[in-house]
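# Architecture and fold: a report
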Amino acid sequence: MTTAAITPRPLPPAARRARYRSAALGLLAWTAGITFCLPALWMVLTSFHSEADAATNPPSLAASLTLDGYRSFFGGAGGPTPWPPLINSLSASVFSTLLVLVLALPAAYALSIRPVRKWTDVMFFFLSTKMLPVVAGLLPVYLFAKNAGMLDNIWLLVLLYTSMNLPVAVWMMQSFLADVPVSIIEAAQVDGARLPTVLARVVAPVTAPGIAATALICFIFSWNELLFARVLTGVVAQTAPVYLTGFVTSQGLFLAQLCAASVVVSLPVLAAGYAAQDKLVQGLSLGAVK
């Protein structure tokens, strides 16, 4: 007994067009992703080149690799050490993020779970504080810091970063806390839990992904801030972004060292994002589907 070969039926024109469209969109997404990553990959590759190879035009992909850029960045050639600026950036970013979370959580609770009157006006006020250009407030902040004797002080940056990130944190966490079931909060209050206990043991665990997403964004904003750190700090409270600008000198641009320094300065943000990626995705997707 023989069986005839079964030939697949051709797809309808509409299905073929949908398949081609899906393949084209996938190719476009891969192209955009690779194009987006190319500058960062090129920075990493250049950081392993010597200054002579990094300065060639057009650049050479086959140039020999070396760790001289990283040795120079970490003071291997007798230069300044980057550890104080890195520690200052880490301290300012971590402490300001913790302060933002401590202040933003009860504010978001008051605006979402126990909304105050005209809470939409309050949310607009928080958002309007970000509409002022940062440079417009630079001179008043500088004069205040000078008269208060707080120039070149890391705690001044902590206060500034807290005030700059607090509106964004309240705006984000208000949407996260709006999805918390009110019944579990009422059950905790019936059991005698006061507001601090409700926030710490009920609201915070339920909204942990949203809190992690807010903390990561505030940390990135604080870590990358340059303008205030450049103007208000000198030697003692110098941050990592300010330290990076020292590689652009009147003697020229030390491209390999600058790329090596940029890679090192980017690592804490990448490590924090990688460690919190699961909660970040969950937090950013909270409230997206009702």
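Right, let's walk through the structure included here. Here the structure is a predicted model, which is why all the values come from computation and not from measurement. (Residues numbered from 1 in each chain as written. Predicted model: local features only at pLDDT ≥ 70, side-chain atom pairs only at ≥ 80, totals over all residues. Heavy atoms only, no water.)

### Looking at the pattern of salt bridges
The tally for this structure, following the rule as stated, stands at one salt bridge. A salt bridge links Arg-71 to Asp-68, with the nearest nitrogen and oxygen atoms 2.8 Å apart. In this pair, Arg-71 and Asp-68 are both assigned in helix α3 (residues 68-73), three residues apart and thus about one turn of the helix distant. In this structure Asp-68 comes out as partly exposed when scored by relative accessible area, which is 39%. (Salt bridge = Lys/Arg side-chain N within 4 Å of Asp/Glu carboxyl O. Helix = DSSP H or I, 4+ residues; strand = E, 2+ residues; numbered from the N terminus. Buried < 20%, exposed > 50% of the residue type's maximum accessible area, 1.4 Å probe, protein only.)

### Considerations on the nonpolar core
Judged by nonpolar contacts, the single largest core of 27 residues is most densely connected at Leu-105, Tyr-109, Ile-113, Met-173, Leu-177, Ile-185 and Val-203. Where this core is concerned, the elements lending two or more residues are α4 (83-112), α5 (119-128), α7 (154-177), α8 (182-190), α9 (195-206) and α10 (208-224). Top element by residues in this core is α4. It accounts for seven residues. Setting aside chain neighbours within four positions, we find Leu-177 in contact with Leu-105, Ala-108, Tyr-109, Ser-112, Ile-113, Val-203 and Thr-207. (Core = buried A, V, L, I, M, F, W, Y, C linked by side-chain atoms within 4.5 Å. Contact = heavy atoms within 4.5 Å.)

### Re the layout of surface pockets
Its volume calculated, the largest pocket comes out at about 310 Å³. What lines the largest pocket is simply Thr-129, Lys-130, Leu-132, Pro-133, Val-134, Gly-137, Val-141, Leu-160, Ser-163, Met-164, Pro-167 and Phe-228. When residues in the lining of the largest pocket are grouped by element, the largest group, four residues, is from α7. Reported here for the second largest pocket is a volume of approximately 230 Å³. (1 Å grid on protein atoms, 1.4 Å probe; cavity = no way out; pocket = protein on both sides within 12 Å on 5 of 7 lines; lining within 4 Å. Points joined across faces, edges and corners; volume = space filled by probe spheres on them.)

### A look at the packing of aromatic side chains
Across all of its chains, the model carries six aromatic pairs by this definition. Relative to Phe-74, the ring of Phe-73 lies with its centre 5.0 Å away and its plane at 75 degrees, an arrangement referred to as edge-to-face. You can call Phe-73 buried: its relative accessible area is 1%. A relative accessible area of 34% places Phe-74 in the partly exposed class. For the pair Phe-95 and Trp-155, a centre-to-centre distance of 5.3 Å together with 40 degrees between the ring planes defines the contact as tilted. Residue Phe-95 is found in helix α4, and its partner Trp-155 is found in helix α7; the two are separated by 60 residues along the sequence. Site record: aromatic cluster; members linked through ring pairs are Phe-73, Phe-74, Trp-83 and Tyr-243. (Phe/Tyr/Trp six-rings, centres within 6.5 Å; stacked < 30°, edge-to-face > 60°.)

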